[in-house]
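# Report on the structure
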Amino acid sequence: MTSYRAAPPETLRIVPLDALTLIYHRASGITHVVDAPVPEMLEALAGDTLSAAQLLARLGERFDLLDADPAALAIRLDELVAAGLVERL
């Protein structure tokens with residue numbers, strides 16, 4: 001089973017900016033401009049290693065997910081892995 005964890009918090013500087021969020025990734029020197037659900041995903045993964053199903057369940061507990069789509073979550077996780085904000089284990 002594939003698991004995921006967020007980059008260590010000391011490597012990220014997260015700044016909410018109106019509807020968007022800026023995430024400075026110190027390891028790469030890149031600032032990412034993201035929208036929901038990325039900040040929520042990083043928060044849910046903070047300090048934990050979760051499978052995609054566990055992450056979806058945790059997000060469902062915290063937010064009213066009317067159309068929770070495991071495939072869409074998997075795509076977003078792949079994007080975050082490619083950006084270095086999440087690690088695949």
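The coordinates are above.
Residues numbered from 1 in each chain as written. Predicted model: local features only at pLDDT ≥ 70, side-chain atom pairs only at ≥ 80, totals over all residues. Heavy atoms only, no water.

## A word on the nonpolar core
Membership of the largest hydrophobic core comes to 20 residues, with the highest contact counts inside it found for L45, L55 and L77. At the level of elements, β1 (3-6), α1 (38-45), α2 (52-62) and α3 (70-83) are the ones that each hand at least two residues to this core. With five residues, the single largest contributor to this core is α1. Not counting residues up to four positions away in its chain, the partners in contact with L55 are M41, A44, L45, L50, L73 and L77. (Core = buried A, V, L, I, M, F, W, Y, C linked by side-chain atoms within 4.5 Å. Buried < 20%, exposed > 50% of the residue type's maximum accessible area, 1.4 Å probe, protein only. Helix = DSSP H or I, 4+ residues; strand = E, 2+ residues; numbered from the N terminus. Contact = heavy atoms within 4.5 Å.)

## Thoughts on the sheet that holds strand β2 (residues 12-17)
Taken together, the three strands give an open sheet; going across it, the order is β2-β3-β4, and neighbouring strands pair in antiparallel fashion. At either end of the open sheet lies a strand with only one pairing partner, and these are β2 and β4 (30-34). This sheet shows a mean twist of 20° between the axes of neighbouring strands, independent of strand direction. When strand β3 (residues 20-25) meets β4, the two strands line up antiparallel, connected through five bridges. Paired with I23 across the two strands is H32, which belongs to β4. (Pairing = 2+ DSSP bridges. Axes fitted to C-alpha atoms, helices over the stretch in contact; angles between N-to-C directions.)

## Remarks on α2
In an α-helix, one full turn covers 3.6 residues, which means residues spaced three or four apart are oriented alike. Taken residue by residue, α2 has L55, L56 and L59 as its buried positions. Buried residues of α2, viewed axially, fall in a sector of 100°; they line one side. Pointing more than 90 degrees away from the buried face of α2 are the exposed residues A53 and E61. Buried residues belonging to α2 abut α1, β5 (50-51) and α3. (Arc of directions from axis to C-beta.)

Function-wise, these values are silent; they only describe arrangement.
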